[in-house]
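Residue-level structural notes
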Amino acid sequence: MAQWTSAVGATQLARQLAVQQPRPAGPGTRKPPAYRALADGIRLLVLEGRVPVASRLPAERELALALSVSRTTVAAAYEALRTEGFLESRRGAGSWTAVPAGNPLPARGLEPLPPESLGSMIDLGCAALPAPEPWLTRSVQGALEELPPYAHTHGDYPAGLPALREMLAERYSQRGIPTMPEQIMVTTGAMGAMDAICHLFAGRGERIAVESPSYANILQLMREAGARLVPVAMEEGLGGWDLSRWKQVLRDAAPRLAYVVADFHNPTGALADEDQRRRLVDAARAAGTVLIVDETMSELRLEDDLEMPRPACAFDPAGGTVITVGSASKAFWAGMRIGWVRAAPDVIRSLVAARAYADLGTPVLEQLAVQWLMRTGNWDEAVSARRTQARENRDALVGAVRRELPSWEFAVPRGGLTLWVRTGGLSGSRLAEVGERVGVRVPSGPRFGVDGAFEGFVRLPFTVSGAVADEAAARLAAAARLVETGVTTGTEAPRTFVA
């Protein structure tokens, strides 16, 4: 059986190699032979996730024609990549990309830093803001006032409180997506929604297509569910989805599910436009793939003049292709573990039935708090304050990183909570390791890829501002200097920092 899950064509690979920016050679350095330059170019594409791991490469003759080089050059490059562990081959199955044994691979997502460590460590690991006040307190007080009638029941609502389901359905309808309460299931956060969907649709060994990069914790959830992840590379910067690659993967790999973040993608910040959404939904429908669309960042636009595109489910009127996941955790507060699924009624019924063997339901008090926020208009007030805070944090962090680390590259997103940064050729894994020793915690790029991609990236969230953002960038710069010089042991302990 072939070990590849997607393929890259000769013309496409030649185009990607042509736009690479090679590092300038130092004085007296000889130009590498053609096969070595080609091998290095392909290796870099794999490490940066531009060519996903487990992608079948074109045959030697096809690539030689596309690059206008000899077949011998391509054969030598492929052999070098095989020797280094970046390529595997099998007679009759071709050659596909890999990462060498021992490469830094993410074992899990990034857990929040314990509160007792916050005095000496600046935590850039978790893309979540503190609770918005006074709205959190108001919502809990409002929920307590509405709790007594529910206290006289058993308290188990597998589909969610009827009042909250109605409120969520109404909000979708107000966005131009007619929705009935029967199309909504309330979950314990977006992770609870994703877990339920994966267990219903994707048994062990099923293929799930994912953006590359993608949200680290969702990738780990899918791995633990036994899924085979099929990465689909994103466009550079804020370009979003590469629809030609998506169509190819959906056609060739025939994944059971596909998972995407259409609104202010985590980690890149990209926003898919309406045409991209329509075309991806059409491609998924044609392939028979269920498309899971993560909308947890949809309310976090940070520019007032930005007109948001319609949700992806607007292009699936029959409801047979798109399942939408939403959450209060990003827009309001991560401690408010309320998520939801919007899907066709028969899908919701299946999810609810399966839930009897999982968590039975979502806490009633928190559901009442979210319902109170949305019913009274306090939700919109809190989200508006959230946007202002995230925008100020974004601008402070961008300015600090540009000042302290001018060689690092990134595109500034117009929404969301994350900045995806290319680290000037430094190892993101080493930066994360050394960063903790100098007092800044940052997740490395491989956490957001499949099988070791994105080694040259880190993700920075919009969770600090002012003096803290300045200090975070200074500590990152200190870590970068240590990594660059190879001094990664014996660093000083971080000093206590008080904002």
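Looking along the chain, the bond that leaves Ser212 and enters Pro213 is cis, with omega of 10 degrees. By the secondary structure assignment, Pro213 is in the loop between strand E7 (207–212) and helix H9 (216–224). A positive phi angle is found at Ser68, which is not glycine, with a value near 60 degrees. Examined against the element boundaries, Ser68 turns out to sit in the loop between helix H3 (60–67) and helix H4 (71–84). What makes Ser68 exposed here is its relative accessible area of 68%. In this structure, Ala254 takes a positive phi of about 50 degrees despite not being glycine. Mapped onto the elements, Ala254 comes out in the loop between helix H10 (243–253) and strand E9 (257–261).

With that out of the way, let us pick up the environment of Gln16. Relative to the helices and strands, Gln16 resides in helix H1 (residues 10–18). Overall, Gln16 belongs to the buried group, its relative accessible area being 11%. On a C-alpha basis, the gap between Gln16 and Gly41 in space is 9.1 Å, while along the polypeptide they are 25 residues apart.

Oppositely charged side chains can pair when the atoms bearing their charge come close. Here the structure, examined in full by the defined rule, presents 29 salt bridges. The salt bridge partner of Glu60 is Arg71, with a shortest N-O separation of 3.4 Å. Highlighted residues: Glu60 in helix H3 and Arg71 in helix H4, separated in sequence by eleven residues. The class for Glu60 is partly exposed, based on a relative accessible area of 22%. The residue Asp305 makes a salt bridge to Arg414 at a minimum N-O spacing of 2.8 Å. Taken together, the residues span a long stretch of sequence, with Asp305 in the loop between strand E10 (290–294) and strand E11 (322–327) and Arg414 in the loop between helix H14 (378–404) and strand E13 (418–422) at a distance of 109 residues.

Residues Val140, Leu144 and Leu365 make up a contiguous nonpolar surface patch of roughly 220 Å² in combined accessible area. Of note, Leu365 is situated in helix H13 (residues 364–376). Taking the relative accessible area as the measure of exposure, Leu365 reaches 34% and is therefore partly exposed.

A word on the packing of helix H5 (residues 135–146) against H13. Working note: a packed helix pair is described by the angle between its axes plus the distance between those axes. It is at 8 Å that the axes of H5 and H13 come closest, and there the two elements cross at 110 degrees. By the angle class used here, H5 and H13 are roughly perpendicular. The interaxial crossing formed by H5 with H13 has right-handed handedness. Between H5, through Trp135, Arg138, Ser139, Gly142, Ala143, Leu144 and Glu146, and H13, the contact on the second element is made entirely by Leu365, Leu368, Ala369, Gln371, Trp372, Leu373 and Arg375. Taken together, the residues that form the contact of H5 with H13 break down as eight nonpolar, three polar and three charged.

This brings us to the nonpolar core. A general tendency of soluble globular proteins is for nonpolar side chains to be buried together. Grouped together as the largest cluster of nonpolar side chains are 54 residues, with contacts concentrated most on Trp241, Trp246, Leu291, Phe332 and Trp379. Sorting elements by how many residues they give to this core places H13 first, with seven residues. Those residues in contact with Leu291, other than ones at most four positions away along the chain, are Ala258, Val260, Leu280, Val281, Ala284, Thr321, Val322 and Ile323. Within the second largest apolar cluster, 40 residues are counted, among which are Leu129, Leu417, Phe462 and Leu482.

Low pLDDT means the predicted atomic positions in that stretch should not be read closely. A residue-level look at the protein finds 89% of positions with pLDDT of 70 or above and a mean pLDDT of 88. No element of the protein has a lower mean pLDDT than strand E1 (residues 6–7), which averages 74, and none a higher one than E10, which averages 98. Low pLDDT, under 50, characterises residues 104–109; the stretch is placed with 18 contacts to residues that sit more than four places away or in other chains. Scored below 50 in pLDDT, residues 488–499 shows 28 contacts in the model against residues more than four places distant or in partner chains.

Here we take up the sheet that holds strand E12 (residues 339–342). Pairing is mixed in the open sheet, where seven strands are placed in the order E6-E12-E11-E10-E9-E7-E8. Strand pairing shows two members of the sheet lacking a second neighbour, strand E6 (184–187) and strand E8 (228–233), which therefore form its edges. Between one strand axis and the next, the sheet turns by 25 degrees as a mean value, whatever way the strands run. In this sheet, E11 lies alongside E10 in parallel orientation, the contact comprising four bridges. The partner of Leu291 across the bridge, within E11, is Val322. Sitting on the sheet, helix H12 (residues 345–355) is in contact with E6, E11 and E12, with an inclination near 30 degrees to E6.

Conventions adopted
Residues numbered from 1 in each chain as written. Predicted model: local features only at pLDDT ≥ 70, side-chain atom pairs only at ≥ 80, totals over all residues. Heavy atoms only, no water. Helix = DSSP H or I, 4+ residues; strand = E, 2+ residues; numbered from the N terminus. Buried < 20%, exposed > 50% of the residue type's maximum accessible area, 1.4 Å probe, protein only. Salt bridge = Lys/Arg side-chain N within 4 Å of Asp/Glu carboxyl O. Patch = residues over 30% accessible without salt bridge, like charges linked within 9 Å, V, L, I, M, F, W, Y side chains within 5 Å. Areas by Shrake-Rupley, 256 points an atom, 1.4 Å probe, with all protein chains shown as cover. Axes fitted to C-alpha atoms, helices over the stretch in contact; angles between N-to-C directions. Parallel < 35°, antiparallel > 145°, perpendicular 65-115°, else oblique. Left-handed = near helix turned anticlockwise from the far one by under 90°. Contact = heavy atoms within 4.5 Å. Nonpolar A, V, L, I, M, F, W, Y, C, P; charged D, E, K, R; others polar. Core = buried A, V, L, I, M, F, W, Y, C linked by side-chain atoms within 4.5 Å. pLDDT = per-residue confidence, 0-100. Pairing = 2+ DSSP bridges.

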